[in-house]
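Here is how the chains run, residue by residue.
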Amino acid sequence: MVDNPDKLRQICLSKFVSLLKSDEKLWKKQIEERIIQRYLDETNSQITTNSLEQQKRKQHRGESFGHEDETRTLPVNSYSTTDQILSSHSKLFIEYFLHSDCYLNSNLSEDLVKYLIKHDQLNDFTLSLFTSNLTCLKRFIINIKYLSRLQCQILNQHQNLVDLEIIFKDSLSNRSLPVANNDFYQHICPSLNSNFEDIYSIYAPFIIHRQTLTTNLPNQSDEFSHQKLLNSIFNSLHPITIERLKCLNLSYYKFFTNAQTTPARHYSLVDMSPAIRSATFTPSINFIPANIRSLMKFTNLTSLNLSSTDIKNPCLDILTDSLRNLDQLDLSSCRSIKLFHCLLKLSSKLKWLNLYNCIFHMQQSPSIFQILYQLKHLEYLDLSNDQTLQDHSPTTIDHDSEINRFLRQTNCLPRLKHFDLSGQKTISSNSLQTFLHAHPNLKFLGLFLTRETYLSCIMNSKDSCYSKYRHYTYDLQQNQLTEEDFLFYEPYLLESFKRYHDRANFVQKILYYSFLLTRTFRWKQQDLLIEYILHVISIHSTNQSVQLASTACIYNLTRAPITEQIHIKYLAKIVRAIMRVMASFPDQQQVES
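Remember, predicted model here, so these are calculated numbers, not experimental data.

Definitions and limits used
Residues numbered from 1 in each chain as written. Predicted model: local features only at pLDDT ≥ 70, side-chain atom pairs only at ≥ 80, totals over all residues. Heavy atoms only, no water. Helix = DSSP H or I, 4+ residues; strand = E, 2+ residues; numbered from the N terminus. Buried < 20%, exposed > 50% of the residue type's maximum accessible area, 1.4 Å probe, protein only. Contact = heavy atoms within 4.5 Å. Core = buried A, V, L, I, M, F, W, Y, C linked by side-chain atoms within 4.5 Å. Pairing = 2+ DSSP bridges. Axes fitted to C-alpha atoms, helices over the stretch in contact; angles between N-to-C directions. Salt bridge = Lys/Arg side-chain N within 4 Å of Asp/Glu carboxyl O. Parallel < 35°, antiparallel > 145°, perpendicular 65-115°, else oblique. Left-handed = near helix turned anticlockwise from the far one by under 90°. Nonpolar A, V, L, I, M, F, W, Y, C, P; charged D, E, K, R; others polar. Expected span 1.5 Å × (residues − 1). Arc of directions from axis to C-beta. Phe/Tyr/Trp six-rings, centres within 6.5 Å; stacked < 30°, edge-to-face > 60°. Lys NZ or Arg CZ within 6 Å of the ring centre and 35° of its normal. pLDDT = per-residue confidence, 0-100.

Quick notes on the overall build of the chain
- Secondary structure assignment for the chain yields 23 helices and 12 strands.
- Out of the 593 residues in the chain, the part that is buried amounts to 48%.
- Sequence-distant contacts in the chain: of pairs separated by 6 or more residues, those separated by 24 or more amount to 72%.

This is how it looks when you write it as structure tokens:
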């Protein structure tokens, strides 16, 4: 008997999804049979038609032809609808569920979505589960990796959506490669509700190629393109949802990718009116992404995540003009943004701003710090930068630099509670001390890889800047470490793992420091460290440097006799993770050893 509600929920979700997976295989096999039969019939019909045309041309030229070449009437084939396909086989579990009275509340509905995404099983087939009469969704996460535009209309049924996150990061970017194409096909599956003609037009190229009926690899269908999918999602939203939506996450979406050369141009670009072009654009730019215009409809948005997108300054200007209710804005890793004047339009409301890995040097008169100084309502500010780690030249700390003057300025961001300066190598101890004096309520300060040596505010409880409620990220400041030094650094490296797990350059440094410490010392929170390392392995699965550094740390943590004190569930997770790394990097002897 399971006495843990969370564990019981996971067991139920696992069983439910396994039934769906069985249904999906059966349904996919039925669709494949119908599509292949139709393809063969159409091919034979085309051959017959060509033969008849050839006979007519011969007859017209007066050439003789045999009795066997006389005109034959082409057979008329009728093709099954999806309903006919379903009726010809035993009923699937998903059909029983869709016609049942089993209603999932918002928590269960969202848990089911997350489970499907985590296990790479969200596609057109499983998305059809989320009808409004069976599920309730206020926060919807959609991984478009294996979705087509056919099932997007289901969003129209959910009028209570206030938070929408669309995941683009894990999408297969190159489906022209055989391996990627086969992996993609393994996961896609049409919905039961889709029209067979639509299914045939979208899925037939993959099925036909897989059955080696054609040697040509199918092109990445326009129906699976990011631009068309996002356009379909926006067009499918209920008008009430458009009015009420508060949070929107489009992280990693590419507004301009292949805009000039692919069929996606129709869905990604629109011409601008002369008035807008003359007001905001340079003469060389005469279009904006159509989905930027779609974003302008969400006038009540309070949170917008555009991190790692290719959005450009003119588009951001237009958005900040339209979305005046924003109090949270994520522009992290938006390397195409060079100017930040538009932030001033949000100065009366903006509370949360992430500018991690942004480029500031082109923002002059006013500087980026002069702009930030005017955002008096900010409570969260991230100015961290791991691109500076590529620069190994000696850094001279200029006490009169822009960032140090900003930190020393009177009444600088008085409401700030979270401030991340990690990777900013030029901050000075005096400036930092002045800033901490003025911000006693600061709950987090990121100082990872800053070369900052002002430790008194962290260690000394008698220091005027000390706070036992404040969290820090911090890195090793010396090579020769004692047991006391290790006990000091351990919580700050764990905090760095927690906050920077998705930032590859920071992660490599954290793993390097962790390797040095695990080689000599026994960690007090070893299980937590193992959890963080395994999580890093899973989210940076294609980054060889991170994988090798992670496995080196795991090696230190699982040496005898330490391994005898590790719980069996962690050992099982370690074995599975290492096996995946070995499969991804089979030629790496370090992993094998």
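Back to the write-up after that little detour.
Some words on the nonpolar core
- Counting 161 residues, the largest nonpolar core has Leu-248, Leu-250, Ile-311, Leu-353, Leu-355, Leu-372 and Phe-419 as its most contacted members.
- Of all the elements, helix α7 (residues 196-210) adds the most residues to this core, at nine residues.
- Leaving out residues up to four positions away in the same chain, Leu-353 has contacts with Leu-329, Leu-343, Leu-372, Leu-375, Leu-378, Tyr-380, Leu-381 and Asp-382.

Comments concerning the sheet that holds strand β6 (residues 303-305)
- Read from one edge of the open sheet, 10 strands run β1-β2-β3-β6-β7-β8-β9-β10-β11-β12, paired in parallel fashion. One side of each edge strand has no neighbouring strand; the edge strands of this open sheet are β1 (139-143) and β12 (471-473). Adjacent strand axes in the sheet meet at a mean angle of 5° when their direction is disregarded.
- Alignment of strand β11 (residues 444-446) against β12, held across three bridges, turns out to be parallel.

Details of the pattern of salt bridges
- The tally for this structure, following the rule as stated, stands at 16 salt bridges.
- Note that Glu-42 is salt-bridged to Arg-38, the shortest N-O span being 3.0 Å. Of the two residues, Glu-42 and Arg-38 both sit in helix α1 (residues 5-60), four residues apart, roughly one turn of that helix.
- Overall, Glu-42 belongs to the partly exposed group, its relative accessible area being 32%.
- For Glu-165, the salt bridge is made with Arg-139, and the minimal N-O distance between the two is 3.2 Å. With a gap of 26 residues between them, Glu-165 in strand β2 (residues 163-167) and Arg-139 in strand β1 connect regions that are remote in the sequence.
- Residues participating in the shared-partner salt-bridge network are Asp-400, Glu-402, Arg-405 and Arg-408.

Thoughts on the packing of α1 against helix α4 (residues 106-118)
- Two elements in contact, α1 and α4, have axes whose closest approach is 11 Å; the angle formed by their N-to-C orientations is 60°. The orientation of α1 with respect to α4, classified from their angle, is oblique. With respect to the hand of their crossing, α1 and α4 are arranged in right-handed fashion. On α4, the residues that touch Arg-9, Gln-10, Leu-13, Ser-14, Phe-16 and Val-17 of α1 are Leu-108, Asp-111, Leu-112, Tyr-115 and Leu-116.
- Taken together, the residues of the contact of α1 with α4 sort by class into seven nonpolar, two polar and two charged.

Brief notes about helix α22 (residues 568-584)
- Between its first and last C-alpha atoms α22 spans 25 Å; for 17 residues at 1.5 Å apiece the expected length is 24 Å, and the two agree.
- The set of residues buried in α22 consists of Tyr-570, Ile-574, Ala-577, Ile-578 and Val-581. The arc that holds the buried residues of α22, viewed along the axis, is 100°, so those residues lie on one side. With respect to the buried face of α22, the exposed residues turned more than 90 degrees away are Ile-568, Val-575, Met-579, Arg-580 and Ala-583.

Observations concerning the packing of aromatic side chains
- Using the criterion set out here, one finds 30 aromatic pairs in the structure.
- Ring pairs connect the aromatic residues Tyr-146, Phe-184, Tyr-203, Phe-206 and Phe-224, which therefore count as one cluster.
- Taking the ring centre of Tyr-356 as reference, the NZ or CZ of Arg-503 above it sits at 3.6 Å.

Some details on the confidence of the model for the chain
- Scored by pLDDT, the chain has a mean of 83; 82% of the residues are at 70 or more.
- Across the chain, strand β8 (residues 352-354) holds the top mean pLDDT of 98, while helix α11 (residues 274-280) sits lowest at 41.
- Contacts for the low-pLDDT stretch residues 64-78, under 50 throughout, to residues beyond four places or in other chains number 10 contacts.
- Contacts from residues 259-286, a stretch scored under 50 in pLDDT, to residues over four places away or in other chains number 50 contacts.

Side note on unusual backbone geometry
- Backbone torsion omega between Ser-365 and Pro-366 reads 0°, so that peptide bond is classified as cis.
- With respect to the secondary-structure elements, Pro-366 resides in the loop between β8 and α14 (368-373).
- Despite not being glycine, Ser-365 has its phi angle at roughly 50°, a positive value.
- Take Ser-365: it is sitting in the loop between β8 and α14.
- You will see that Leu-449, though not glycine, has its phi angle at about 55°, which is positive.
- Leu-449 gets classed as buried once you look at its relative accessible area, which sits at 9%.

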